[in-house]
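# Survey of secondary and tertiary structure
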Amino acid sequence: APPSPVRPSVVARKLRGEQEKVCAEMQRLLRAKQSTEEALMRLSEDIEQKHAYAQAERRRRLELDAACEFLAQANEARVAEIADLRRKLGSAHVARVGGVDVGSEHSEPPRLGWWSRLREHLAAEKAAKRAAAAAAAAAASTHHESGEAI
């Protein structure tokens, strides 16, 4: 048999070099796989948290919708009760409540919400300030006309 042109030690060195390259590539791929799995785990946890938050918000919205429905029904019952009381009082009897005629057929319902009360309070304060300013201006003009020093 003719002798092999390449010695066995050269072939073994080449195989060892190739094997080291393959091992290094496998290590790199394993690290990449591990980092990808960790990123996927973080994303999955984030999605689970967001899903739990969305479910909690949905439950809260359903509770609030039910509360709104209950309040709307209670409001309708109160409006019906007020209308019934108005009919009982008769259209000739008109009372003033919150600046609105109660009892007349064409009046708007009383504004008893916090915003309406606040608006009415602020309007009353503004009117009082205007009246005080007008009184001060009138007093100043009478002092000025009489020649007194202010």
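In the block above lies the structure referred to throughout.
One structure accompanies this document, and this report is about it. (Residues numbered from 1 in each chain as written. Predicted model: local features only at pLDDT ≥ 70, side-chain atom pairs only at ≥ 80, totals over all residues. Heavy atoms only, no water.)

What follows covers the overall build of the protein chain. For the protein chain, the helix and strand inventory stands at two helices and two strands. In the protein chain, the succession of helices and strands from N to C terminus is α-β-β-α. Counting all 150 residues of the protein chain, 4% fall into the buried class. For the protein chain, the exposed surface amounts to about 13,200 Å²; the carbon and sulfur share of it is 61%. (Helix = DSSP H or I, 4+ residues; strand = E, 2+ residues; numbered from the N terminus. Buried < 20%, exposed > 50% of the residue type's maximum accessible area, 1.4 Å probe, protein only. Areas by Shrake-Rupley, 256 points an atom, 1.4 Å probe, with all protein chains shown as cover.)

Further remarks concern helix H1 (residues 8-89). With 82 residues, H1 should cover 122 Å at 1.5 Å per step; its first-to-last C-alpha distance of 119 Å lies within 8% of that length. Backbone geometry just downstream of H1 places Gly90 in the positive-phi region, at approximately 95 degrees. (Expected span 1.5 Å × (residues − 1).)

Under the definition given, this model contains seven salt bridges. A salt bridge links Lys33 to Glu37; its shortest N-O distance comes to 3.8 Å. Of the two residues, Lys33 and Glu37 both sit in helix H1, four residues apart, roughly one turn of that helix. Given a relative accessible area of 48%, Lys33 falls into the partly exposed group. Judged by its relative accessible area of 44%, Glu37 falls in the partly exposed class. A network of salt bridges, in which partner residues are shared, links Asp84, Arg87 and Lys88. (Salt bridge = Lys/Arg side-chain N within 4 Å of Asp/Glu carboxyl O.)

On to a nonpolar patch on the surface, then. A cluster of nonpolar side chains, contributed by Trp114, Trp115, Leu118 and Leu122, occupies part of the molecular surface with about 470 Å² of accessible area. Its location among the elements puts Trp115 in helix H2 (residues 114-146). Judged by relative accessible area, Trp115 falls into the partly exposed class, the value being 48%. (Patch = residues over 30% accessible without salt bridge, like charges linked within 9 Å, V, L, I, M, F, W, Y side chains within 5 Å.)

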